[in-house]
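Below are the chains, spelled out letter by letter.
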Amino acid sequence: QQPVQSPQAVILREGEDAVINCSSSKALYSVHWYRQKHGEAPVFLMILLKGGEQKGHEKISASFNEKKQQSSLYLTASQLSYSGTYFCGTTTGGSNYKLTFGKGTLLTVNP
Amino acid sequence: KAGVTQTPRYLIKTRGQQVTLSCSPISGHRSVSWYQQTPGQGLQFLFEYFSETQRNKGNFPGRFSGRQFSNSRSEMNVSTLELGDSALYLCASKTGDRQMATGELFFGEGSRLTVL
């Protein structure tokens, strides 16, 4: 089942902070975050695994609440280069590890 | 190191035709997955292949099929095209033999299919 992302869109001024949320109705094994700039391929940002392991880029911060089946991506001191669509993807473990993405959050950072 | 290469980048088909899209993963990557991207729907998982075997499948009709070759290159085929199949089809590869739950996906730039 597709995770739900919020907000659908957000507009920031350079230097402002933003939080993008991702929630699921199912117990999660892992949460993945990707950013896609217009006309480009999605690019990996971070993976958060059940049990606390995280892998990703240093400047990206995210949390994973296993009990609430939620994850949040924190974008601090935003830069123009942060603009793009952010996707969260989730896996639910068990015998099926397919990665299911949400519909995305469009982030626009203005000067 | 070359990235994920998808061909063709753009194509136009008419309803009822079929189409084959190709994906060459990063050298050494054995897992290839396919996604359909449409406005408002995000990235919808089609299938994943590893070592020439389909490992996972999304909720798409049987008109959507794929395969992987011994060199890890993958193709997906859509038969009897419908207007709703118009989309950007993205391919992604990853290294290692672990399931999609872990590990970074490297995406290609996609094949944009328009069905008239």
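Residues numbered from 1 in each chain as written. Chains lettered and ligands numbered in written order. Predicted model: local features only at pLDDT ≥ 70, side-chain atom pairs only at ≥ 80, totals over all residues. Heavy atoms only, no water.

Points about the overall build of chain A
Worth spelling out the cut-off: Each helix is a run of DSSP H or I of at least 4 residues and each strand a run of E of at least 2, with the numbering of both proceeding from the N terminus. Throughout, the radius of gyration refers to the C-alpha atoms, and the reference size of a globule is 2.2 Å times the residue count to the power 0.38. Buried, partly exposed and exposed residues are distinguished by accessible area as a fraction of the type maximum, computed with a 1.4 Å probe on protein chains only: under 20%, between the cut-offs, and over 50%, respectively. The method behind every accessible area is Shrake-Rupley, applied with a 1.4 Å probe, and residues are considered shielded solely by the protein chains displayed. When charges are counted, neither His nor the chain ends are considered; positive counts come from Lys and Arg and negative counts from Asp and Glu. The atom standing in for a charge is NZ when the residue is Lys, CZ when it is Arg, CG when it is Asp and CD when it is Glu.
Scanning chain A from N- to C-terminus turns up 0 helices and 11 strands. Along its sequence from the N terminus, chain A presents helices and strands in the succession β-β-β-β-β-β-β-β-β-β-β. By the compact-globule yardstick of 13 Å for 111 residues, chain A fits well, its C-alpha radius of gyration being 13 Å. C-alpha extents for chain A along the principal axes are approximately 45 × 25 × 20 Å. Looking at chain A as a whole, 49% of its 111 residues are labelled buried. As displayed, chain A has an accessible area near 5,700 Å², and 49% of this comes from carbon and sulfur atoms. The distance from the centre of the 11 positive side-chain charges to the centre of the 7 negative ones in chain A is 11 Å.

Some words on the sheet that holds strand β1 (residues 4-6) of chain A
Pairing between sheet strands relies on hydrogen bonds along the backbone, with the strands arranged either parallel or antiparallel. Residues and elements named next belong to chain A. This is how it is decided: By this definition, two strands are paired if DSSP reports at least two bridges between them. An axis is simply a line fitted to the C-alpha atoms; with a helix, the fit covers only the stretch in contact. Between two such axes, the angle follows the N-to-C directions and lies from 0 to 180 degrees.
Read from one edge of the open sheet, 4 strands run β1-β3-β8-β7, paired in antiparallel fashion. Where the open sheet ends on each side, the last strands, each with one partner, are β1 and β7 (61-65). When the angles between neighbouring strand axes are averaged without regard to direction, this sheet yields 15°. Pairing of β7 with strand β8 (residues 70-75), which is carried by 5 bridges, proceeds in the antiparallel orientation. Across the sheet, Ser 63 pairs through a bridge with Ser 72, a residue of β8.

Topic: the pairing of strand β7 (residues 64-68) of chain B
All names here are of chain B. Relative to strand β8 (residues 74-78), β7 runs antiparallel, the two sharing 5 bridges. Paired with Arg 67 across the two strands is Glu 75, which belongs to β8. Here β7 hands over to β8 after 5 residues, with Ser 72 in that stretch at a positive phi of 80°.

Considerations on the interface of chain A and chain B
Keep this limit in mind: By definition in these notes, contact holds between two residues if any of their heavy atoms fall within 4.5 Å. Once two parts are joined, some of their accessible surface, as seen by a 1.4 Å probe, is lost; buried area is that loss totalled over both.
On the side of chain B, 22 residues touch chain A, which itself brings 21 residues to the contact. It is A:Tyr97, A:Lys98 and A:Phe101 in chain A that bury the most area against chain B; as a group they hold 27% of the surface buried on that side. Looking at the side of chain A that touches chain B, the elements that each hand over two or more residues are β4 (30-36), β5 (43-49) and β9 (84-91) of chain A. Among the elements that take part in the side of chain A that touches chain B, β4(A) stands out by supplying 4 residues, more than any other.

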